Structure formats: structure tokens, C-alpha cells
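Per-entry structural report
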Amino acid sequence: MKVNTYMLATSLEEAYLTLQETTENAILGGGAWMKLSTKKVNTLISLDNLGLNGIKEIDGWISIKSMTTLREIETSPLIQSIGKGVLSSCINQIMGVTIRNIATIGGSIVSKFGFSDLIPVLLVLNTRLVFHKHGEISLKSFLESKIVGRDILTEVLIKKCNSPVFFKKVKTTALDFAILNICVSKTEEGFKIALGSRPGLAELAVQSMNYLNQLNTVSENEINQAASMVVKEIHFSSNQRAQKEYREQLAEVYVRRGLKEVLSI
Amino acid sequence: MKISLIINGQLRFVEVEPGEYLLDTLRKINILSVRRGCDNTSCGVCTVLIEGKPVPSCSYLSVRADGKSVTTVEGISDEAEKISAYFGDEGAEQCGFCNPSLALTVYALKKELIHPTDEQVDQYLVSNLCRCTGYISQKKAIKNYLGDQS
Amino acid sequence: MKTVNKSFPSVDGKGIMMGRVAFTDDYALQNSLIVKILRSPHPYAKIKNIDASKALALAGVECVLTHKDFPRIPFTRAGQGYPEPSPHDKFILDEFVRYIGDEVAVVAATSNDICEEALSLIDVEYEVMDPVLNFEEAIDSSHILHPEPEIHEMFPIGFEPLRNIAASYHMHIGDVELSLKESDVVIQQSFYTQAQQHTALEPHTVNAQMDYQDRLVLYSSTQTPFHVRRILSQTLGIPLSKIRVIKPRVGGGFGGKQALHGEMFVSYITYKTKKPSKIVFTRKEVFESSYTRHPMRLDIKLGADKDGTLKAIDCYVLSDTGAYGEHALTVFMVAGSKVLPLYNKVDSVRFHGHVVYTNHTPAGAFRGYGAIQGNYALESAVDMLCRKLHMDPIEFRQKNMMKENETSPIFAIMGEGTEGTAMNMESCKLDYCVKRGKELINWDSIYPHKNVSREKIRSVGMAIAMQGSGIPYIDMGSAIIKLNDDGFYNLLIGATDIGQGSDTILAQIAAEELMTSLDKVIVYSSDTDLTPFDTGAYASSTTFISGNAVLKAAKKMKGLLIEEASKVLKCNVTETDFDGFTFKNTVNDEIINLRDLSNRLTYNEDQKQLVADSSYVGHKSPPPFMAGFIEILIDRETGEIEIENYVSVVDCGTPLNPKLAQGQVEGGIVQGLGMALYENVIISSKGKNITSDFLNYKVPTRMEIKKLVTEFAESYESSGPFGAKSVGEIGIDTPPAALANAIENALGVRMTELPMTPEKIIRALKAKEKRQ
């Protein structure tokens, strides 16, 4: 990435207005993947001095400011109150500590990377995003639309929950991007199943979730049925990491195992 | 742009470009233990400590370090010398291109984690790649170092 | 033995860990011109025109060089014995580019940014040509990579460039067709091995400067400083006497630095401009534009009798050397010569094949050097044969494999492009290695597999391997030992420490023979002005070849010392006793210590400098042997594999520094596991490497490697220094076959293509289900 000027914003509004000036201006998140971009940036806007760091609990929700690093989240005791610490075990598998010391939750979400390990987990949790101008929106709506436009993410809200969340990252080595991410939860809102690194952006398996949520009891047969529904409703494709067929196999196997795990059967 | 860095405890003023990365800045001013291996955060040989935390200097903008403390292995030479003895005992040295950054990360680990498990140590050091040793000798050396120092 | 067979820390380990100036780029002058290469975006094209005027107009650009600036001398970048067994098929720059990443033009400028901008300002007009991207279709393709008339082989290697053949070979012993016909059981299988990248953490790096005598001084991250000096002189026309090559510490080589990569460019630029210059490859350049391992297809047939006697081995190899024929023949040869003798009791053997040109990144030397490819195919095929024979694979090997004091006729027939060298296995503890490894992996309680849960299976697999110790009659190492006042020594060696610890081991050899302590031997290596000749760090040669040279020089020094001491002590040489520190007249018990003797020789009486030198050329290449055993956990529904343990039992003669020898074995094992399971250079249908960084090319991390158990067999090789053989490569050979065998032992599917990814395992399982 080539950078013309670096601006240390003194207020969110200043950062926002500078961002609107031209599409060649950009917000600096953690900067972990800046090197992968060949883009030319006119003004790189830094949010480092805006106090957008920190994790706290508010009324049954965990609030994470957007510039909080992945490492800070991973090691925060507050995070353990969400899905029995699923965010820690997920983030723990994202590259190494050094990169997690710079990568931020805001950057991880707004980049909408297909390879994101974090997004599928946040999808099966109750996650809401707060933008400077647009205000609050669910993560699902943010991923599915472009309504937010060129705004600045300031805060991520995640509902606390006590139930276990299954997360599996299928990968080649510990430093690899996922071949497939599989995430399954059962909370008071019912079952949720998300698949990431399909290799496209993570999605919820809505039909399969609906099927499970209208059942009175879920046993082996229904689990198998739900797992095969996932393969039919979610679109998988091929890239250098795996072919479509293998991703389908993995999805079926791990959705099945995930459902069993969250149901303890 | 002119920035100030507290490099290994010493205040230095350095002229940098807005898009310049810390790895280039440090090598430019002759801090040569910080090396370029992959240039995209994956190998670990450019690791430095910013305010005590290990980060990949290849992908960390120099302007972001303005006013901050930057530690390289030159700043922890007593500790590096100790660690090297443990590596020597296990034959874990080999080419050594990655060893200054590994020593630095082990040092940061020791400060951050209390009585870590073997798996926690491996996870902390996972992005310090080594192509020479096959890792096991390094793991033994690091385990012995952490055990003796705690 | 006081100093050898002991695990001393590396002599350079502490300083390197403390971040001292050590590696090539650390020695570059701050005002060096930055050199960068414009690389081809096409797999095959003719350069019709290069317009560098805009780049040259840029402030800070020193020069832009194209093929018109360099003498048109065909050469090979391979750093091998001269004349090389590689064809001279490359020009420093050419009007043709033959792979994506091939060199088009070179820029030197005052900064990195200016250099990059200059590269983007060079207009190149290409005539794009049809590439050869499938190595199985290369021979007699209508697209010829090397039609140029000047290129040539240095001696017959089966070079037929107009057929896209860089080298070819055929040998046979006995009548293979007949033996196969007479065998009770025959198996036949093709195996495919992939391109693997060395990924030494230090990228290829060179810098150059003119010294105050107006000589060209090069710091190079190389495995072969003396070959670098020779090739630079031959191609650039700079007198050899005007070039000095210094190899500082090297951040890993593994064969990738057994060639010239940026040396020609910085040398030319500095020699012409008289300004210092440097090049540091980007990681992308290392992946796209240095070397890979030669991908191969190996077609194997084995025949055996019902009682498990192996009768015939037939092997055809097709090897892909990419755009240039560097190490083409020799890597291919090793796939046979350092694999097939493992089974030396067969009636007949045939080994033949072709090494072909394609528009891929050139293949070159890489640890294992063909042996890992050959081992994967042969040791997989042996297990397949055992399955058909209903025979235990370990019993089969014990019955058919090489034993101590035996030989194989292959040694005499297959050499490095020339005839080989007959030899008996004076040291071969392969039987012990197999027996011990079997115990360590707990074979009998796991083989073939155990069900751990509904999903997971535990299984074991194994393979045996051999390598060599240098190339007989070609590889030469030499050493100079100098006595200093105060009684310590300088050991000057051409041998090239690239991280394997040869400086330490060679100093240990000298210290042992001189009966002194290791700190009294100050080692300095790999400087073409100051150290004697050595072919370099390759072919598992340093401990054996350079080590023997050091031992001979130390013996000579000991003789000189005793001679001088006997003069002082006024007795005969035979009456003078020396324990490393004190000389004693055994007749009258008068003594003088080494320190006093050396001070006296330096300052007081009969002053002289004591220097002993020696060189060594091998007359044989005693192979190290090993047995490798793997234990895995495999998920039958996803194919995911966890490596639980890898046991290596190695016969490398006397391990001179057991911990460093263990490091060589284990480093090799993990690179071999990488090749078996994770690493893959993927080339797109357009010929582009799409795995040119560590985010996409997966080398093993410390998380995948949980347990390695490495032991050495008691063994003594009388031709080696203090009984040692070499150990640099042997570790890499067994993992692919051992893992393939473990997978079959778990799931009953045979993986015939590397890497054996979980996805391929599932595909094979599904294909098997369909067949049943």
C-alpha cells in the first residue's frame, strides 16, 4: 500500500469527514493485512487517539470498542461469559500472537474477508455493530447489505450467553487460513449454524436452523437431516485450498459433530 | 515526517515516510537484528516489542510507533545470552536467522504468561517459523529456560 | 574421544542470538545501490523491444540493464564440480523469457522505492509464445524451450534440447523383463511428487563493493563461494584474481543456495559503476524465481517370489527441471543411485528416464536431491508388494535390505553424470535401525492400526533410507591450521557453514586430533581470499570430505609441533610425548608447554610460523542409513491427520556432535513431513505460481510437530573422520513413504501423489467405496 499522508484524527467526526472527502482516503484498522493491498491511499486516517479501545459489560451485553486488538479480546476475562469462551478459542487459532497484537476487531469485521475466522462465530452469537453515523445494526444485516456505506465502526456488542458454542477451523497448518469454518450454537434463540471460508463470506444455514428450531426433540436422525440440509442450502465452491466436494463433506461432518457437541450427545 | 522512538531505552528522532514500515526504519538506522523473512507477517523474523508486546515490524507503520518504546534483541542482551545457553545445550541453534526474534518473543512470553503449558508456549510462538531445527530442540530449550527462570 | 562425539554448542550460536552483525545484508554498505529485477509476466515469450528511457530519466536511477548489456555466454547457475553435469543453457539475460518470474531487465537505483518505480516505467514489448506447462507432454512438443544454437552439454548427459530433453539416462543389470515374468507376485504403480520450495528464512541476498585494491568483493548468502567466484569470472569476464567471495552466516540453504541467483547482477553493476550494490530477494521472488525441488513421475514395477524374495526392480523416472537444466541429470540419478541399492539382492534392476524442460520455475538442488522422490516411490511400492504377498513389511525389509559388508552393483554403475564408484558397506547398521525403531514406535501393539474412537484411527508406517557422503573423486575439501603465540590455533576452511554447524564440527575434529580444548581452535570459513578451496555445502559432504581434510591437517600440525618441541627438549621425535598442552622428553622427563613453545617460536628462538595444510578427495561415498517410523491419528470422515510421533534411528557412523547431528535429522524429518502432507507449489493453468508466500505455501509450524524421537546406531565408518559419515540429508527421505504406508495401514487406500492432503485421502476413500 502506498500512502500519501498520515492523519492522526482528533475526533470521530474529523475522521468521518476526511473519509468522505475522496474514495482514496481510508481508515487504518490494525493494518495487519495492509501489505497485501497494492492500493494507493491519499490520506490514511488513524483512529489511534480516539479511545476506541476496551471491553466492558453493559446490561447482559459485552461491548468491545472497534480498535481493540484480537489479543486483548482473546485474553479478556469478560469474553469468557460468551459461549463458554468461544471467542478465545477462535481467536487463538488466528495466525500468531504478534499479528493478533495489531489486528483489531473492527478491521476484522469491516474487511468482510471470506477467510475470517471471527465472523462465523459472531454470526451464531447475537452480535450488533455500532457505526458513527449509521448507528446500530445487526452483524447479519451488515454482512448482507451495503447500507452502511463509508462509515466508521466504533463498537461491537455481543450478547452474553451461557451455552457452549461449537467452533471448528479446518486448516492445513496452524498458520493457515481456514479451508472451512464451522460454527454451531444453541442459545435461548434456538439453533444457529454458520459456515465460513466457503471460501466466500460466512453465512448462516437458515433453512437447517429453521428445521431444527421447529422440532420438539433433536436426536441422531434429525442431526443427520440438518447436516445434509446445510450442504444443500449453502453454496460452497473451489479454490486452491480445497474443492467444493471436500468442503461439502467437511460441512456435513462437522455440522453433525457440532450439533452433537452443543446437545451433549 | 519526524517521529520519536524510544529504542531499547534510548530516545531517537527519525525521519520517516507516511507509508514506511518499522522494519525498514529500524534497518535504516542500523538495528540489524530485526530481519526481513517474508514481509507479510507470517515468519516472525521481524518481530519487535512495542510497549512490551511482540508485533511484526514488517507490517507495522513507523508513524504508529511515534512516542512508543521499541525493544529489539539488542535491548535484552543479558536475557538473550541466557536463552542462547539453553539453545546451545539442546543443539537448537542452527542457522540462527530467526533466533534474535525468537529470543525476543520468548522474553515477551515469559513476561506475559505465568506457568504456561507446553501448548500455550507453542501457540504463543507459532508464527516464529523455523525451517532448520524441526522445532523439538527449540521446544526443549525454551521449556528449560522458562522452568529455570520462573 | 574428548572433543568429538560430544554435544558442544555451536561456536556462533550465542553471538547470532544476541543479534550481532552476521548475515549478508548486515554487511551491505549503507550507500549501496539497490538492485531489482524486472520479471516476466509470461511463461514463455520473446522480448521484441525494451524501452527503458522513462526509467533512466528518473532521478536516482543508476542504470537499467537488458540482455544487450551482457556477453552472450551460455552457462549454468548450478554450483557443482567443474565441468558441470548441468547443461550450459542459460544466459545472464536473454531475449527469451521462459517462466513467470524469469529475468527481463535489471535496475540499480539509490533507494528501494525509486527502484520499484523504475521497474514500473520500463516498457517491454513481448511476443507471447505457447508454453509447455504439462511435463508429461514436454518431450517432442511443438513448443521448444531451447532452440538457441550456442547452448551445450559439458560432457554427454543425454542432452536433446530440440526435444525439450535436458538429460536422459538408461542402465540395467540383468534382464528385468525376464525377472518380472518369473516372479510370483508383481506390482506396478506410478507415483507423483510435487515441487517443494526450500523457504530458507533468509531470502537470497548478495552485496558487492570494490575494495581499495580495486577488486570486487562480494558478500553472498551462498552454499558454494568458490563456485560463485569461478562462474562470475567465466560469465562476466572479470579475472578470477579480481574477485573475492565472502560467505558470512547463512540463514538456511537446503540446496536453494547451491546456485547463483543475484550474484551476476550486483557484480556487474558494482564492477562497472565502482559503486557498492546489493540485492535482497523478496519472498515472492524466492518462490517464483529461485528454485524448487524437481517434480517427478516415477513408474515402478517390483517382482518377488511367494516367499518374499525381491527379484526385480524396474523404475522409469520423468523429471521436470523447469526452464533451465540446473541439477537436471544429477538429481534424477540420485533418485536411483541412493535408493535402489537399499535392496541389493535382486536379480535385476533397471533405472531409466528423462529430465524435461517446461515453462516452470527452474528446479534445482534441494536436500534429499532426488532420493526423497525415489524413496517415496520405492518404499511405497514395497509396502504394496507386502500387502499382496500377505507379508509383514518389516520382515520383508529385513530379508531383502542391504546389510553390513555387502555391496550393490549399482554403486559402480551410477555416478553423478559419470560412472560410479564400487564400494562395500563397511558400516551399515540398518538392521539395528529397523529393530530399534520398531520398539520405539511400539509397532507390535499398533500395527496395522487401532480404532481410537468412532472417528479416529491410530496407525503406524515405516520406511528405510540411505544417502551418501559427498561425491567420490569430485568433491574436494581442504584445511589450513596455523599455530599462534600463546598456543591457540586458527583453522581456515573453505567448507561452508549454512547453519548446519560445520564450523563447530570441523573445529571439534581439529581440537580432538590436537588434543586441545574447543576454545583453542578459532575457525574461519568460506572466504575465497583467505581460506583454502572447498566445493561447498552440498551432497552431504562436509563432515566426511572437509572433516577428513581437517583431520589430515591436524595430524600434520601435530607432527610439526612435536618436531619443534623435540628440538627444544633435545630428543628424538619418537622420544617426545605430547598431550595437547605439554611436551615431554620421555628420556629425562624434561618438559615444555605448548604456550611457551609457541611464544618461543614467535618471538625468541628459531622463529617461524607453523602452518599445516591438507586436502581430501573421497574415494568412496559411505552412505548413512536410517529407518523412519511414523505414528498418526487419522480422521476417517475428514482425512485430517495428526502426526503423533516420528521415530528416526540413524546410522551416520560416529555422530561427531550428537545434538547437532540430531538437529540435522530432525530438521530433515520436518521438511520431509512438510513435503508429505502440507507443502505444495501450485501453478495455475496460465503458468503462474499462486502459492508464492507463507500465507499460501504451508511449511510445518511448531504446532504440527509434537514429538520426534531420534537415536543413533553404534557405528564406525573407518574411512570417515573419527568414524563419521555425513548426516545432512538422510533425515528428509523417509517421511513421505512412511506416512503413505501409515495411511494405507489405517484406511486401506494407497496415496500415490504428494502432498497427501486430507482432501485427497477422502477422494481415494470414496473411489474405493465406489469400486466395492
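Values in this document were obtained by computation on a predicted structure and should not be read as measured data.

Chain C puts 23 residues into the contact, and the matching count from chain A is 25 residues. With both sides pooled, the region where chain C packs onto chain A buries about 1900 Å², and carbon together with sulfur makes up 49% of that total. For the pair chain C and chain A, the interface holds seven salt bridges. Across the salt bridge formed by E220 of chain A and R454 of chain C, the nearest N and O atoms sit 3.6 Å from each other. If you look at where chain C meets chain A, you find 13 residue pairs in polar contact (both at pLDDT 80 or more). No other element matches helix α19 (residues 758-771) of chain C, which puts five residues into the side of chain C that touches chain A. Among the residues making up the side of chain C that touches chain A, the classes are represented as eight nonpolar, four polar and 11 charged.

Looking now at the domain arrangement of chain B. Residues and elements named next belong to chain B. The domain boundaries assigned to chain B delineate domain 1 (2-74) and domain 2 (76-147). Of note, the centres of domain 1 and domain 2, computed from C-alpha atoms alone, are 21 Å apart. Taken together, the contacts link 16 residues of domain 1 with 17 residues of domain 2. Of the roughly 1300 Å² buried at the junction of domain 1 and domain 2 (both faces included), carbon and sulfur atoms supply 66%. In terms of surface lost to domain 2, no three residues of domain 1 exceed R35, V45 and V73, which account for 38% of the buried area on that side. The tally of links between domain 1 and domain 2 comes to zero salt bridges.

One pass over the structure, following the stated rule, counts 20 aromatic pairs over all chains. Taking 5.0 Å as the distance between ring centres and 55 degrees as the angle between the ring planes, the aromatic pair formed by F226 of chain C and F533 of chain C counts as tilted. You can see F226 of chain C sitting in helix α5 (residues 225-236) and its partner F533 of chain C sitting in the loop between β20 (521-525) and α15 (542-569), a full 307 residues away along the chain. When its relative accessible area of 30% is taken as the criterion, F533 of chain C is described as partly exposed. A cation over a ring is seen here: K35 of chain A above Y21 of chain B, with NZ or CZ 4.1 Å from the ring centre. The ring centre of F191 of chain A lies 5.5 Å from the NZ or CZ of K186 of chain A, which sits over that ring.

For D122 of chain B, the position within the fold is in helix α4 (residues 118-124). The class for D122 of chain B is buried, based on a relative accessible area of 12%. Through-space distance from the C-alpha of D122 of chain B to that of Y135 of chain B is 9.8 Å; in sequence the pair is 13 residues apart. With sequence-adjacent residues up to four places away left out, D122 of chain B is seen in contact with K139 of chain B together with R702 and M703 of chain C.

Further remarks concern the confidence of the model for chain B. This prediction gives chain B a mean pLDDT of 97; 99% of its residues lie at or above 70. Scored as a whole, the predicted complex attains pTM 0.98, and scored at its interfaces, ipTM 0.98.

With that out of the way, let us pick up empty space enclosed by the protein. Residues and elements named next belong to chain A. Scanning the entire structure with this criterion turns up 11 cavities of 30 Å³ or more. Space inside the largest cavity adds up to approximately 70 Å³. Surrounding the largest cavity, V124, L125, N126, K159, K160, C161, T187, E188, E189 and K192 form its lining. Grouping the constituent residues of the lining of the largest cavity by class yields three nonpolar, two polar and five charged.

Here we come to the packing of helix α9 (residues 371-389) of chain C against helix α10 (residues 393-400) of chain C. Residues and elements named next belong to chain C. The N-to-C vectors of α9 and α10 enclose an angle of 110 degrees; their axes lie 9 Å apart at closest approach. By the criterion of interaxial angle, the relationship of α9 to α10 is roughly perpendicular. Both α9 and α10 take part in a crossing whose hand is right-handed. Counted together, E379, V382, D383, L385, C386 and L389 of α9 and P393, F396 and R397 of α10 form the full contact between these two elements. Grouping the constituent residues of the contact of α9 with α10 by class yields six nonpolar, no polar and three charged.

Quick look at the sheet that holds strand β9 (residues 165-170) of chain A now. Consider a sheet: its strands pair through backbone hydrogen bonds, and that pairing is either parallel or antiparallel. All names here are of chain A. Spatially, the four strands line up as an open sheet ordered β9-β10-β11-β12, and their pairing is antiparallel. Of all the strands in the sheet, the pair left with one neighbour each is β9 and β12 (203-204). Bridging between strand β11 (residues 190-196) and β12 involves two bridges; their strand directions are antiparallel. Residue pairing for β12: A194 is matched across the bridge by L204. Where helix α8 (residues 206-213) meets the sheet, its contacts fall on β11 and β12, and the angle it forms with β11 comes to roughly 160 degrees.

About the thresholds
- Residues numbered from 1 in each chain as written.
- Chains lettered and ligands numbered in written order.
- Predicted model: local features only at pLDDT ≥ 70, side-chain atom pairs only at ≥ 80, totals over all residues.
- Heavy atoms only, no water.
- Contact = heavy atoms within 4.5 Å.
- Buried area = accessible area lost by both parts, 1.4 Å probe.
- Salt bridge = Lys/Arg side-chain N within 4 Å of Asp/Glu carboxyl O.
- Polar contact = N/O pair within 3.5 Å; in protein donor to acceptor, adjacent residues only side chain to side chain.
- Helix = DSSP H or I, 4+ residues; strand = E, 2+ residues; numbered from the N terminus.
- Nonpolar A, V, L, I, M, F, W, Y, C, P; charged D, E, K, R; others polar.
- Domains from an automatic or database assignment.
- Phe/Tyr/Trp six-rings, centres within 6.5 Å; stacked < 30°, edge-to-face > 60°.
- Buried < 20%, exposed > 50% of the residue type's maximum accessible area, 1.4 Å probe, protein only.
- Lys NZ or Arg CZ within 6 Å of the ring centre and 35° of its normal.
- pLDDT = per-residue confidence, 0-100.
- 1 Å grid on protein atoms, 1.4 Å probe; cavity = no way out; pocket = protein on both sides within 12 Å on 5 of 7 lines; lining within 4 Å.
- Points joined across faces, edges and corners; volume = space filled by probe spheres on them.
- Axes fitted to C-alpha atoms, helices over the stretch in contact; angles between N-to-C directions.
- Parallel < 35°, antiparallel > 145°, perpendicular 65-115°, else oblique.
- Left-handed = near helix turned anticlockwise from the far one by under 90°.
- Pairing = 2+ DSSP bridges.

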